[in-house]
Amino acid sequence: MNKRKQLFIITGAAILLLIVFFFLVVPSKNPVINDFSSVNRPPKIYPDYTELVIPPNIAPLNFFVNEHGSRFFIKIYGSQGDPLEITANTPKVEIPIGNWKDLLNQNRGKEIKYDIFAENSDGTWQKFKSFSNHVASEGIDNHLAYRLLHPAYHYWGEVGIYQRNLENFDEKPILTNRGTDHNCMNCHSFCQNDPNRMMMHLRAGPTSGTLINQSGNIIKVNTATAFSKAGSYPAWHPNGKLIAFSVNQLTLFFHAVGESRDVLDHASDLIIYDIAKNMITSCPEISSPDAMETFPTWSPDGNYLYFCSAPKFDSYISEKDNKTDLLYDQIRYSLMRIRYYQENGTWGKMDTVLSSAKTGMTILEPRISPDGNYLMFTMAKYGNFPIYLNSSDIYILDLKTGKYYKPDVNSDKTESFHSWSSNSRWFVFSSKRGDNLCARPYFSYVDKNGKAYKPFLLPQKDPGFYSGFLTTYNVPELIKGPVTVSPQSFVSVAYDKEKALQAKLDPKVKPNQETDKLGSAGRLTPQ
Amino acid sequence: MIGKIIKNNLVVIIFFAAFFLYLWLQINPALYYQQQEPVFLLDYNFFSSFTSSPGGLTEYLSAFLSQFFLFPFIGSFIITSIVLVICKFSKTILKAIYKNYEISFLHLIPAILLLSLYSNYWFSLSYSLGLLISLMFVNLYILLKRSNPLIKLSLYLLLGIILYYITAGPSVLYLFLGICIEILSDVSIYKKALFVLLNIAFAVAVPYIASNLSQVINLSDAYFGTLPFNSKISFSLTPYILYLYLPLIIIMFEIRKRYFVSEKKEVKKKKKLSFKEKLQKVFSGRTKYIAQTSVLFILAGLAAFLSFNEKYKISLLIDYYAQNEKWEDVVKIANTHKFISQKSVYQTNRALFHLGQLSSNMFSYPQVYGTEGVVPSGDFMTANTSLMSDVFFELGFLNPSQHWASDALTHSGETKHNLNRLFLINLLSGNKHFAQNCLNILKETMFSKSLTDDYQRYLNDSNYLNSNDKLSRILSCNIDSNFVFQSDNMIVEFKSLLKKNLNNKMAFEYLMAYYLLNCNLGSFVNYLVFLRNFGYTELPRHYEEALLIFMGMTGIRKNITPGFSLNPSISQRFSEFRNVLANYKGDLSLAKNELMEKFGDTYWYYMVYSPAFRKTLKKRS
């Protein structure tokens, strides 16, 4: 091949590449729509991102326009900054992240508006009524940690604890069970939204134990002692030195109609783990043999331990008229608290904060806002496992007035686990409102008066993401940054038998004669 | 030209034709699909989930090609082609190293090993694809042999990294063979040592780095991912032999070259041969050729014979037919194969119900598992989640069906069967959002277009749903008042289903089967009054057999099944049964052979030898 011929081929290829580049990369010009008919209603979009209060640092709220149209034109604008214009040939609207961030930053504390146009088949356009979002001044903690798994019955299969950057769409594993012999992992928990102080349980197999990470120093501990079996639901003391755990004996059972799964707690207690001393302690008040205590949480000042408590039954099975019944629907938990003296580690008086007798419902999963003003909890008709209860809803207790109310964030489906942002202005909660089976994280703004605003679904790059995702988001926890410890570091500690710690029992605490009754905490025992 | 190619490769062609026929007619790739249920979606997100870890692309390609296993002919063709290319690559590698050596059929040995491995229904296509791609890269490296050493080394390492990303574990073969090729080359010992060290460092470092970068794979998967010896299923030593085979052949050739005959001498010898010697050589060559061919086919036959598990195939085949609702085929297998597993009894009973024969023929098959062969419990349930979901779905009990289908989803992933089942359950239970989500994924699967179009219509149009008899029946049977479901007390559950819908024939027949299998004839007789609800025109044979026993035991003589007359021939047969027993003076063990021969298909035979009946007799005595 002569040189001239080679040059000719190379030039031809370069021109071809340029043409391809032009068509693929250079965006098409937005249409100029002067003539349109007006539709006197806002457009239907999925997810519903209309009339929200949104964080100024949230990732683009991509959505589908559920309206007829051969082409769509979307204009998002505020009083400040350049408007954001998108032309979409399909109903899928993906908002460019850079422009979105600029727009939100420039409109903190103000409204942004959405104008949506749809092109009819005859080339004419129609414009739907505009809707808006209010950009809050206060940002949300920029990461969300959660567990992903298929809706669990007997098995857990592929399980992983992941972290999602809320400012974009990056999702990374904190730890998946591909690295830990496909065991179960749960109850990831952070101290005051701090990604550097976290813990999680690994269940079953050679890696079993509780992993605690304190700024990269990871330990694995077995919290089972002569007093109780291993801890389950955790709560970090604000000082980062103690973790309160519940110890539960859970039994999975099934309903013939509605949500099939349900859980019965036969026996539960609370224990306190002192990380530095590697010691488990408790006191008679918080581990009463006559009551079942669960879901501990500390007040932000560390002076009170809140928890849920229900009277313990002698038997959970009733036999009447030759019929055997499980008394699952008669168990209701009240909200309690006990004074904790941090200076000497002693306990004070216990009192009832909100009684199930007063609410007529079971009170579960208390979490106090970091500013100490509000206590969020879930209430359901009965029981201790709100994620399986359709009746479960989010409630807020004003700690100053003692009044509780149901914020306008609930649906007729399950609302369950929730977590506050470190600035107390945002919270995330699990809701099954989408398909009644898989929980999804929803965010809501809470103003200084405790009013919660319309919640919105965790945005995804592909707005159709959830319509083909049969995996559930479990225990969403807001954190102030990413967990920087690699999954491999957790794995190596999880497998390191020599470094695994066995928690000691506080000599002041008597071993429990009924330890065996407190079955494998946190693990659902199939029946 | 083609004729010449065929003539020169006749043995290879026959060998692979036999390989193909063995896979197609004996193994049946549809059963690989049944066993492995490979998930593949025509969706970018699905593809991208395979790109985040080494070996993912091989797994992806394997998942794609495995979809064609649904069509046994195409599936067999795919596997045979892959194995053929593996053998071809093995040959070119050996030829590249030993130009003057006779390779004969040595390159076909991997095919024999793979034949043995493919006789195991757990053997994934990804294992042979990993091997094939690694050998392809070795061949690519061989093509670089003449280039500048530094460029060659750089390209070798680059190819190694690419190969590792594509295949993960199997890339170790590339390094192995790379070492062999370089050691046998003319370069200095210093360079050889350096190359070996470099390879070892590569083999250790790359997976380690990859596991840290990827974050979603553990160290073991980083080193051994997509290698058959990393599987949870043991394939014994065969995969090791498969991977060590080429290096071992190279070592063998080297030993031969160095210690027995040198290549030069061989060439010299060729030159010195006389005409007579040439004739002798042709003769000995032909003999050798025949002997080699015979050994090849004997080895292949032995591999197939020793590794094929007929019982396992039958068990899979029963599941395959049941899943595709080919009930006649299930019963046909039950008739022709004598061995009994709990699963085969369970599926046979299911098939008998669907063929309308459960109440008249179930005791023609050995009901050795009692009620556990009807609706199993315990370990069987947890090991066969999908099957449990199937039976509850057919019974019209959607909640437990959802429960087991969800466990199947967790256990085996988003397989077509799991998605299909979850779609139907949620469609019927009114959870249309979840049903739509399942359908959205189903739409991304291959060969599902007409099914998903139909399903979308069910979702959109309730009249269309009502036109489907099977789905309407299930819908009419589903429980609507809550109670705690007790899988260990199915009688209560069958009664609840009948309370909801007295036309639930499956619940009725399964309840009656439970009573018969438990020898609880009192309860059985109480439910006979409902026979009219289910359109029986005559009393089913086993019901009549049980009724005769009941009448005999209680002394009741009047017909307690109004509207149904007793069949005289069955009464006559019962008298004969009693006579045989009387001949042996009631000694059941002595009478067993004769009763088995004459009445093995009756409820009477089942009952007198069932543990439940013996227990009752003991109590009475």
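A. Structural view of the interface of chain A and chain B. Residue-level contacts link 35 residues of chain A with 37 residues of chain B. Of the roughly 3200 Å² buried between chain A and chain B, counting both surfaces, carbon and sulfur atoms make up 54%. Linking chain A to chain B there are 0 salt bridges. In this structure, the connection of chain A to chain B is made through 16 residue pairs in polar contact (both at pLDDT 80 or more). When contributions to the side of chain A that touches chain B are tallied by element, the ones reaching two or more residues are strand 13 (171-176), strand 19 (242-255) and helix 4 (487-495) of chain A. Here the side of chain A that touches chain B is built from residues that sort into 16 nonpolar, 14 polar and 5 charged. Note: strand 19 of chain A against strand 1 (residues 484-485) of chain B, 2 bridges, orientation antiparallel.

B. Up close: the pairing of strand 30 (residues 393-398) of chain A. Residue and element names in this part refer to chain A. For strand 30, the buried fraction is high: 6 of the 6 residues fall into the buried class. As defined by bridge partners, strand 30 adjoins strand 31 (residues 404-405) across 2 bridges and the pair is classed as antiparallel. Residue pairing in the sheet places Leu397 in a bridge with Tyr404 of strand 31. Between strand 30 and the antiparallel strand that follows it, strand 31, lie 5 residues; Gly402 among them carries a positive phi value of about 80 degrees.

C. Structural context of the environment of His237(A). All names here are of chain A. For His237, the location among the structural elements is in the loop between strand 18 (234-236) and strand 19. The exposure class assigned to His237 is buried, which follows from its relative accessible area of 1%. For the pair formed by His237 and Asp301, sequence separation is 64 residues and the distance between their alpha carbons is 8.9 Å. His237 has contacts with Cys191, Leu242, Trp298, Gly302, Tyr340 and Gln342, leaving out every residue within four places of it along the chain.

D. Broad picture of the packing of helix 16 (residues 310-323) of chain B against helix 17 (residues 327-336) of chain B. All names here are of chain B. Running from amino to carboxyl end, helix 16 crosses helix 17 at an angle of 155 degrees, the nearest separation of the two axes being 8 Å. Classified by the interaxial angle, the pair formed by helix 16 and helix 17 is roughly antiparallel. In this structure, the crossing between helix 16 and helix 17 has a hand that is left-handed. From helix 16, Ile314, Leu317, Ile318, Tyr321 and Ala322 reach across to helix 17, where they touch Trp327, Asp329, Val330 and Ile333. Residue composition of the contact of helix 16 with helix 17, by class: 8 nonpolar, no polar and 1 charged.

E. How the structure looks around the sheet that holds strand 32 (residues 415-420) of chain A. Taken in spatial order, the 4 strands make up an open sheet running 32-33-34-35 (chain A), and their pairing is antiparallel. Each of the sheet's edge strands pairs with one partner strand only, and the pair in question is strand 32 and strand 35 (456-457) of chain A.

F. Focus on helix 16 of chain B. Residues and elements named next belong to chain B. Taking 1.5 Å of rise per residue, the 14 residues of helix 16 would be expected to cover 20 Å, and the 20 Å separating its terminal C-alpha atoms lies within 8% of that figure. Among all positions in helix 16, only Lys313, Ile314, Leu316, Leu317, Ile318, Asp319, Tyr320, Tyr321 and Ala322 are buried. Lining the buried residues of helix 16 we find helix 2 (10-27), helix 3 (29-36), helix 17, helix 18 (342-354) and helix 21 (385-395). Positioned one or two residues after helix 16, Glu325 has a phi angle of 55 degrees, which is positive.

G. Structural context of the packing of aromatic side chains. For the structure on display, the rule yields 84 aromatic pairs over all chains. Taking the centre distance of 4.9 Å and the plane angle of 45 degrees together, the rings of Phe385(A) and Tyr388(A) count as tilted. Pairwise contacts between aromatic rings join Phe40(B), Tyr44(B), Phe46(B), Phe47(B), Phe50(B), Tyr60(B), Phe64(B), Phe68(B), Phe71(B) and Phe447(B) into one cluster. The ring of Tyr153(A) carries the charged tip of Arg261(A) above its face, separated from the ring centre by 4.4 Å. For the cation-ring pair, Arg457(B) lies above Tyr464(B), with the distance from its terminal atom to the ring centre recorded as 3.7 Å.

H. Just the pattern of salt bridges, in detail. Counted under the stated rule, the structure contains 27 salt bridges over all chains. Measuring nitrogen to oxygen at the nearest pair gives 3.6 Å for the salt bridge that ties Arg337(A) to Asp351(A). Separated by 14 residues along the polypeptide, Arg337(A) in strand 26 (residues 334-341) and Asp351(A) in strand 27 (residues 346-354) bring together distant segments of the chain. Judged by its relative accessible area of 27%, Asp351(A) is partly exposed. Of the charged contacts, one joins Lys470(B) and Glu325(B) as a salt bridge, the two residues approaching to 2.6 Å between their closest N and O atoms. Highlighted residues: Lys470(B) in helix 27 (residues 469-477) and Glu325(B) in the loop between helix 16 and helix 17, separated in sequence by 145 residues. Taking relative accessible area as the criterion, Lys470(B) reaches 33% and is therefore assigned partly exposed. You can call Glu325(B) partly exposed: its relative accessible area is 39%. Connected via shared salt-bridge partners are Lys92(A), Glu94(A), Lys461(A) and Asp462(A).

I. Quick look at the nonpolar core. Counting residues in hydrophobic clusters, the biggest one holds 228 residues, and the most contacted among them are Phe392(B), Leu427(B), Phe524(B) and Tyr603(B). Ignoring anything within four residues of it in the chain, the contact list for Tyr603(B) reads Phe363(B), Leu516(B), Cys519(B), Leu521(B), His542(B), Glu545(B), Ala546(B) and Ile549(B). Residues Val65(A), Val93(A), Leu144(A) and Tyr442(A) belong to the second largest nonpolar core, which totals 56 residues.

The rules we used
Position numbers for residues start from 1 in each chain and track the written sequence from start to end. Labels follow written order: the first chain is A, the first ligand is 1, and so on. Where totals are concerned, whole chains, interfaces and linings use all residues; where local detail is concerned, this predicted model gives features only for residues with pLDDT of at least 70, and gives and counts side-chain atom pairs only at 80 or more. For the side-chain quantities, the full set of heavy atoms in the structure was used; hydrogens and water were omitted. Any two residues having at least one pair of non-hydrogen atoms within 4.5 Å are treated as being in contact. For any pair of parts, buried area is found by adding up, for both, the accessible area (1.4 Å probe) each one loses once the two are put together. Salt bridge, as applied in this entry: a Lys or Arg side-chain nitrogen positioned within 4 Å of an Asp or Glu carboxyl oxygen. For the purposes of these results, a polar contact is taken to be a pair of N or O atoms within 3.5 Å, where, inside protein, one atom must be able to donate a hydrogen and its partner to accept one; residues adjacent in sequence count only when each atom of the pair is a side-chain atom. Helix numbers and strand numbers start at the N terminus; a helix is a DSSP run of H or I with at least 4 residues, a strand a run of E with at least 2. Amino acid classes used here: Ala, Val, Leu, Ile, Met, Phe, Trp, Tyr, Cys and Pro are nonpolar; Asp, Glu, Lys and Arg are charged; the rest, including Gly, are polar. Note on pairing: two strands pair once DSSP finds at least 2 bridges between them. Buried residues are those whose accessible area, probed at 1.4 Å on protein chains only, stays under 20% of the maximum for their type, while exposed residues exceed 50% and partly exposed ones sit between those limits. Interaxial angle, 0 to 180 degrees, is taken between N-to-C directions of lines fitted to C-alpha atoms, where a helix line uses only the stretch in contact. Each angle is binned into one of four classes, with values under 35 degrees roughly parallel, values over 145 roughly antiparallel, values of 65 to 115 roughly perpendicular, and all other values oblique. For a crossing to be left-handed, the near helix must be turned anticlockwise from the far one by less than a right angle; the clockwise case is right-handed. Take the residue count of a helix, subtract one, and multiply by 1.5 Å to get its expected span. The pairing test for Phe, Tyr and Trp rings, Trp by its six-membered ring, is centres within 6.5 Å, and the orientation test on the planes gives stacked under 30 degrees, edge-to-face over 60, and tilted for anything in between. Lysine and arginine charges are scored as sitting over a ring when NZ or CZ, respectively, is within 6 Å of the ring centre and within 35 degrees of the ring normal. Here, nonpolar core means buried Ala, Val, Leu, Ile, Met, Phe, Trp, Tyr and Cys residues that are tied together by side-chain atoms lying within 4.5 Å of each other.

Without other data, these values stay purely geometric and don't point to any function.
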